Amino acid sequence: MKPATKLEAIRELRRRGVVGMIGDGINDGPALAAADVGIAMGISGSGLASHAAGVVLMSNDLRRVSDAIAAARRVTRTLLAGVSAALALKIVPLVLMFAAPHGTAEEFLIAVAVGSDVLGIAIVLGAATTLLHLPSRFASTPCGGTDVMLTVTGV
């Protein structure tokens, strides 16, 4: 496929939604740059493709793309839950501030506000540390293993 044809295909698909493009050659550069997410194959790919893409894979294994998508979704879910919990904690000092009689509990309110800040930070950091060692779900076995070969030859 010629670079202009790839570029036109990416532009057409972008009219319908978000588009990702995976490429490794010089002729993929314009399409990689035009895609919402350009992914270059870094080991065997050209320098132009790597510069045009937003993401460069340091492996030629396409299953790494699935791993990256799964990891990005987990990171989004985890951090959204952590930040939501931290923001929910900020409601406690607000409720106490309006519920307490004026001038009676300033020191208590300050302690509760600082405590909710510290606890909120601890929750977000705790959630983030669960993401440090995400296992590889799709690229954990090498391509062309015996299971794959049996499936292919058995057809």
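This structure is a prediction, so every number in the text was calculated from the model and none was measured.

Reading the values: the criteria
- Residues numbered from 1 in each chain as written.
- Predicted model: local features only at pLDDT ≥ 70, side-chain atom pairs only at ≥ 80, totals over all residues.
- Heavy atoms only, no water.
- Buried < 20%, exposed > 50% of the residue type's maximum accessible area, 1.4 Å probe, protein only.
- Helix = DSSP H or I, 4+ residues; strand = E, 2+ residues; numbered from the N terminus.
- Right-handed = clockwise from strand over helix to strand, strands pointing away.
- Patch = residues over 30% accessible without salt bridge, like charges linked within 9 Å, V, L, I, M, F, W, Y side chains within 5 Å.
- Areas by Shrake-Rupley, 256 points an atom, 1.4 Å probe, with all protein chains shown as cover.
- Salt bridge = Lys/Arg side-chain N within 4 Å of Asp/Glu carboxyl O.
- pLDDT = per-residue confidence, 0-100.
- Contact = heavy atoms within 4.5 Å.
- Core = buried A, V, L, I, M, F, W, Y, C linked by side-chain atoms within 4.5 Å.
- Axes fitted to C-alpha atoms, helices over the stretch in contact; angles between N-to-C directions.
- Parallel < 35°, antiparallel > 145°, perpendicular 65-115°, else oblique.
- Nonpolar A, V, L, I, M, F, W, Y, C, P; charged D, E, K, R; others polar.

### Some words on the pairing of strand β1 (residues 20-23)
Here is the key point about a regular strand: its side chains alternate between the two faces of the sheet. Only one face of β1 is buried: it carries M21 and G23, and the other face, with G20 and I22, is open. In this fold, the crossover linking β1 to strand β2 (residues 37-41) by way of helix α2 (residues 29-34) has right-handed handedness.

### Concerning a nonpolar patch on the surface
Nonpolar side chains collect at one region of the surface, where L94, M97 and F98 lie side by side and expose about 340 Å² of accessible area between them. Position of L94 among the secondary structure elements: in helix α5 (residues 91-99).

### Concerning the confidence of the model for the protein chain
Do not read the fine detail of predicted coordinates wherever pLDDT is low. Confidence in the prediction of the protein chain, expressed as mean pLDDT, is 80, and 86% of residues score 70 or more. Across the protein chain, the secondary-structure element scoring lowest on mean pLDDT is helix α7 (residues 146-153), at 34, and the one scoring highest is helix α1 (residues 3-16), at 92. Between residues 145-155, whose pLDDT stays under 50, and residues either more than four places distant or in other chains, the model counts 1 contact.

### A look at the nonpolar core
One finds L7, I10, V19, M21, A31, L32, A34, A35, A40, A49 and A53 forming the largest nonpolar core, which totals 11 residues. It is α2 that provides the largest number of residues to this core, a total of 3 residues. Sequence-distant contacts of A40, that is, excluding residues within four places in its chain, are made with G23, A49, S50, A53, V55, V56 and L57.

### What to know about the packing of helix α4 (residues 63-89) against α5
Between α4 and α5, whose axes approach to 4 Å, the crossing angle comes to 15 degrees. Viewed along their axes, α4 and α5 adopt a mutual orientation that is roughly parallel. Between α4 and α5, the residues in contact are L87, A88 and L89 and I91, V92 and P93, respectively. Its residues assigned to classes, the contact of α4 with α5 shows 6 nonpolar, no polar and no charged.

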